[in-house]
Amino acid sequence: LENLQPEIKKLAERLRYEVSVRGKQLGWSEKVARFHFKKNLRRIMTELYIRDNCHPFKATLLVWVQIPMWVCVSLALRNCSVGATDSEVQEQFSAGGALWFTDLTAPDSTWILPVLLGLVNLLIVEV
C-alpha cells in the first residue's frame with residue numbers, strides 16, 4: 001500500500017489538472033469539480049488496489065482475527081487453571097511448570113510472563 005502512494009500522488013495531480021481543464025470547458029462550479037475529482041480518484045485508487053491486490057482492509061485483517069483468538073485462548077487457559085474441578089487437571093497444572101514458574105495455578109509474582117506475553121503480542125501486531 002505504501003509503494004502505491006507515489007503513483008497515487010502523480011495520478012491525483014494529473015487528474016486534478018484534467019478536472020480543472022474540463023471544469024473550465026463545461027463551466028463547473030468548484031463544488032462540482034471537487035465532486036468529479038473525488039469520484040474519479042476513488043475509482044483510480046480502487047483499480048490500483050485491485051491491480052496490486054493490496055486493499056487497506058487486508059492490513060487490519062490480522063488484528064481483527066488475532067484479538068478474538070487471544071481473548072478465547074486467554075479465557076480457555078484461565079478456565080483450565082483456575083476453574084478446573086477435576087483433580088487430575090488441577091494436579092497436572094500445579095506440577096507442570098518450568099524454570100521459575102513450577103506451579104501453573106499460582107499467579108506469577110515476578111510479572112515476567114505477563115510482560116513477556118504482552119511484548120510478544122505487540123511485536124506480532126507491529127510485524
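Residues numbered from 1 in each chain as written. Predicted model: local features only at pLDDT ≥ 70, side-chain atom pairs only at ≥ 80, totals over all residues. Heavy atoms only, no water.

- Going by an unreviewed UniProt entry, the chain carries the name COX18 protein and comes from Ciconia maguari.
- For the record of the chain, the UniProt heading Subcellular location (unreviewed entry) holds the text "Membrane". (UniProt positions renumbered as here; feature names shortened; annotations may be inferred.)

## Some words on the nonpolar core
It is characteristic of soluble globular proteins that their nonpolar side chains tend to be buried jointly.
Item 1. Residues Leu4, Ile8, Ala12, Leu15, Val19, Ala33, Phe37, Leu41, Ile44, Leu48, Tyr49 and Cys54 constitute the largest nonpolar core, which totals 12 residues.
Item 2. Those elements that provide at least two residues to this core are helix 1 (5-26) and helix 2 (30-52).
Item 3. When residues in this core are grouped by element, the largest group, six residues, is from helix 2.
Item 4. If sequence neighbours within four positions are ignored, leucine 41 has contacts with Ala12 and Leu15. (Core = buried A, V, L, I, M, F, W, Y, C linked by side-chain atoms within 4.5 Å. Buried < 20%, exposed > 50% of the residue type's maximum accessible area, 1.4 Å probe, protein only. Helix = DSSP H or I, 4+ residues; strand = E, 2+ residues; numbered from the N terminus. Contact = heavy atoms within 4.5 Å.)

## Thoughts on the domain arrangement of the chain
Item 1. Domain boundaries assigned for the chain yield domain 1 (3-54) and domain 2 (57-126).
Item 2. Between the C-alpha centres of domain 1 and domain 2 there is a distance of 49 Å. (Domains from an automatic or database assignment.)

## Overview of a nonpolar patch on the surface
Item 1. Taken together, Leu62, Leu99, Trp100, Ile112, Leu113, Leu116, Val120 and Ile124 make up a surface patch of nonpolar side chains, about 730 Å² in accessible area.
Item 2. In terms of residue count, helix 5 (residues 112-126) provides more of the nonpolar patch than any other element does, five residues in total.
Item 3. Taking relative accessible area as the criterion, leucine 113 reaches 32% and is therefore assigned partly exposed. (Patch = residues over 30% accessible without salt bridge, like charges linked within 9 Å, V, L, I, M, F, W, Y side chains within 5 Å. Areas by Shrake-Rupley, 256 points an atom, 1.4 Å probe, with all protein chains shown as cover. Salt bridge = Lys/Arg side-chain N within 4 Å of Asp/Glu carboxyl O.)

## Thoughts on the packing of helix 1 against helix 2
Item 1. Interaxial distance between helix 1 and helix 2 falls to 10 Å at its minimum, and their mutual angle equals 150°. Between helix 1 and helix 2, the angle falls in the class roughly antiparallel. For the pair helix 1 and helix 2, the sense of crossing is right-handed. Contacts between helix 1 and helix 2 involve Glu7, Ile8, Leu11, Ala12, Leu15, Arg16 and Val19 on the former and, on the latter, Ala33, Phe37, Asn40, Leu41, Ile44, Met45, Leu48 and Arg51.
Item 2. Counted by class, the contact of helix 1 with helix 2 contains 11 nonpolar, one polar and three charged residues. (Axes fitted to C-alpha atoms, helices over the stretch in contact; angles between N-to-C directions. Parallel < 35°, antiparallel > 145°, perpendicular 65-115°, else oblique. Left-handed = near helix turned anticlockwise from the far one by under 90°. Nonpolar A, V, L, I, M, F, W, Y, C, P; charged D, E, K, R; others polar.)

## What about helix 1?
Item 1. In this model, helix 1 (22 residues) spans 31 Å end to end at C-alpha, consistent with the 32 Å of a helix rising 1.5 Å per residue.
Item 2. Turning to helix 1, its buried residues number three or more, namely Ile8, Ala12, Leu15, Val19 and Gly23. Seen end-on, helix 1 carries its buried residues on one side only, within an arc spanning 70°. Residues of helix 1 that are exposed and angled more than 90 degrees away from the buried face: Lys10, Arg14, Tyr17, Lys24 and Gln25.
Item 3. Looking at the buried side of helix 1, the elements it contacts are helix 2. (Expected span 1.5 Å × (residues − 1). Arc of directions from axis to C-beta.)

## Let's talk about the side chain of glutamine 66
Item 1. Checked against the element boundaries, glutamine 66 lands in helix 3 (residues 56-81).
Item 2. Overall, glutamine 66 belongs to the buried group, its relative accessible area being 18%.
Item 3. For glutamine 66, the residues in contact, after removing those within four places along its chain, are Asn121, Ile124 and Val125.

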